[in-house]
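# Chain and residue survey
Read off the chains here:
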Amino acid sequence: MDKHHVYGPSNYNAWSVCPCWKGSDRQSDESNEGTMAHEELHRALTEEGYEPESVAARWAANKVKELADGAKVESEVRIVGSAVAVDGIFGTADVRWEKDGVKYYADFKTFSDGTIDYIPQLMGYATLDWKREEQIDNKVVLIVLHGGICKEEVVETSLYQCLRKVETILKEVKGGYGKPHLCKWCNFCSRISSCTESNNALQTVSDNSVAFSQLSICQKLVVLDAVDKLSKTIREDAKRMAKENGGVLEMDGIRYEMKPWAGKPKVKDLC
C-alpha cells in the first residue's frame, strides 16, 4: 500500500512556497536516519516500555504523551480525504489524538531547527480528516515537533482555515499556473536542473556581478543555495553516468575518470 499520494500533505510545505516543486525519490543517510527515528517514535507510542535510542525520537515521544495528557494517542494514522477539494487524497499523520472535542495533529521533523514552516502539511491532515457532519469552524491544534532543537511549535486554527489553505495550494499546483520561486525547498527538488529560477540564479552569479552585489544578504543566500544544489545535482548525475560507463565520462573533448579511494578516514583509539 502506498504511503504517499501524489497530491498528499507531505508536499504542502514545499508547494506553499513553490507550486512547481517536485520531490526526489533519492535516499540519503539523513533520510534513512529520519525514517529510523520515526519508527522509534511509533514504537514508543504503541509499545509499553519501549525506549528509543534516538534522542530526538525519545524527546518527541515524551512530549506527545505530555501534550496528550491522558488522551488516547494514534500513531502512523492513514487518513483519506472526503471533502470535494481533497476527495480520495490520502496521507499518513505521525500522531493524532482528540481531547474535549478538539482534534490534535502532530508531525515529527527529526532534524528540524524550527526555521522551516511545516504547518501546511498538518493543515492537510486536518483537511483530509474533516467529516461532513463536523462544523467547519471547529478548532484544531497543529503541532510540529522540531527534533533538531527538541522544541514543539503549537498552532491553534480552524478546519475552515485549513481547508482554505489546502484548496489554494492544490489549485495552483493542479492548475499549473503557479510560478517557481527560489527557496529552501530547492535543495530537495528534482527539477532543480531544468528550473528557470535556479538557472537564472546561476546566470546572476556568473554574468551579472553588479546585480548580485545589490541583493540583500538573505537574497544572496537564497541564490547561492540554488546554485549549490544545482552543482550537487549535476555532479551526482555525472558520477552516475561515469559508473554506468566503466568509471569514465567523456564528451566535448573533456574527460573525467573516477579514481578509487580508501573511504572515509577513521580515528584510531589512542588508548
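For the structure itself, look to the data block above.
Residues numbered from 1 in each chain as written. Predicted model: local features only at pLDDT ≥ 70, side-chain atom pairs only at ≥ 80, totals over all residues. Heavy atoms only, no water.

## What to know about the pairing of strand S6 (residues 248-251)
- Here four bridges tie S6 to strand S7 (residues 254-257), and the two strands are oriented antiparallel to one another. The residue bridging Met251 from the neighbouring strand is Ile254, located in S7.
- Where S6 folds back onto S7 in an antiparallel hairpin, the turn is made up of two residues, including Asp252, whose phi is positive at roughly 55°. (Pairing = 2+ DSSP bridges. Helix = DSSP H or I, 4+ residues; strand = E, 2+ residues; numbered from the N terminus.)

## With respect to the environment of Ser82
- Structurally, Ser82 can be placed in the loop between strand S1 (74-80) and strand S2 (90-99).
- The partly exposed category is assigned to Ser82, whose relative accessible area is 30%.
- Dropping the residues within four chain positions of it, Ser82 is found in contact with Asp87, Leu128, Trp130 and Arg132.
- For Ser82, the side chain forms a polar contact with the main-chain oxygen of Trp130, separated by 3.5 Å. (Buried < 20%, exposed > 50% of the residue type's maximum accessible area, 1.4 Å probe, protein only. Contact = heavy atoms within 4.5 Å. Polar contact = N/O pair within 3.5 Å; in protein donor to acceptor, adjacent residues only side chain to side chain.)

## Some words on the packing of aromatic side chains
- Evaluated as defined, the whole model comprises six aromatic pairs.
- Plain terms: the ring middles of Tyr7 and Trp15 are 6.2 Å apart, the flat faces sit at 50° to each other, and that makes the pair tilted.
- With 5.1 Å between their ring centres and 10° between their planes, Trp97 and Tyr104 make a pair best called stacked. When sorted by exposure, Trp97 lands in the same class as Tyr104, which is buried.
- The rings of Trp21, Tyr118, Trp185 and Phe188 are connected pair by pair, giving a single aromatic cluster.
- In this structure, Arg78 is placed above the aromatic ring of Phe90, and the distance from its NZ or CZ to the ring centre is 4.0 Å.
- The cationic tip of Lys174 hangs over the ring face of Tyr7; the distance from NZ or CZ to the ring centre is 4.8 Å. (Phe/Tyr/Trp six-rings, centres within 6.5 Å; stacked < 30°, edge-to-face > 60°. Lys NZ or Arg CZ within 6 Å of the ring centre and 35° of its normal.)

## Here's the deal with the layout of surface pockets
- Counted as a void, the second largest pocket has a volume near 410 Å³.
- Forming the walls of the second largest pocket are 13 residues, and the residues nearest its centre are Arg235, Ala238, Lys239, Leu249 and Tyr256.
- Secondary-structure elements contributing two or more residues to the lining of the second largest pocket are helix H8 (217-244) and S7.
- Per-element accounting of the lining of the second largest pocket gives the leading share, eight residues, to H8.
- Its residues placed into classes, the lining of the second largest pocket shows seven nonpolar, one polar and five charged. (1 Å grid on protein atoms, 1.4 Å probe; cavity = no way out; pocket = protein on both sides within 12 Å on 5 of 7 lines; lining within 4 Å. Points joined across faces, edges and corners; volume = space filled by probe spheres on them. Nonpolar A, V, L, I, M, F, W, Y, C, P; charged D, E, K, R; others polar.)

## Focus: unusual backbone geometry
- Here the phi dihedral of Asp69 falls at roughly 50°; this positive angle occurs in a residue that is not glycine.
- Note on Asp69: relative accessible area 54%, which makes it exposed.
- A positive phi angle is found at Cys150, which is not glycine, with a value near 50°.
- Here Cys150 shows up in the loop between strand S4 (139-146) and strand S5 (151-158).

## Description of the nonpolar core
- Among the nonpolar cores identified, the biggest contains 36 residues, and Tyr105 and Leu142 are the most heavily contacted of them.
- Dropping the residues within four chain positions of it, Leu142 is found in contact with Tyr105, Ile119, Leu122, Met123, Ala126, Glu153, Val154, Val155, Thr157 and Cys162.
- Ranked by size, the runner-up nonpolar core spans 22 residues in total, among them Leu45, Trp59, Ala71 and Val95. (Core = buried A, V, L, I, M, F, W, Y, C linked by side-chain atoms within 4.5 Å.)

## Here we look at the pattern of salt bridges
- If you walk through the whole model with that rule in mind, you get twelve salt bridges.
- For Arg96, the salt bridge identified is with Glu74, shortest N-O distance 3.0 Å. Here Arg96 is found in strand S2, whereas its partner Glu74 is found in strand S1, with 22 residues between them in sequence.
- Owing to a relative accessible area of 15%, Arg96 belongs among the buried residues under this scheme. (Salt bridge = Lys/Arg side-chain N within 4 Å of Asp/Glu carboxyl O.)

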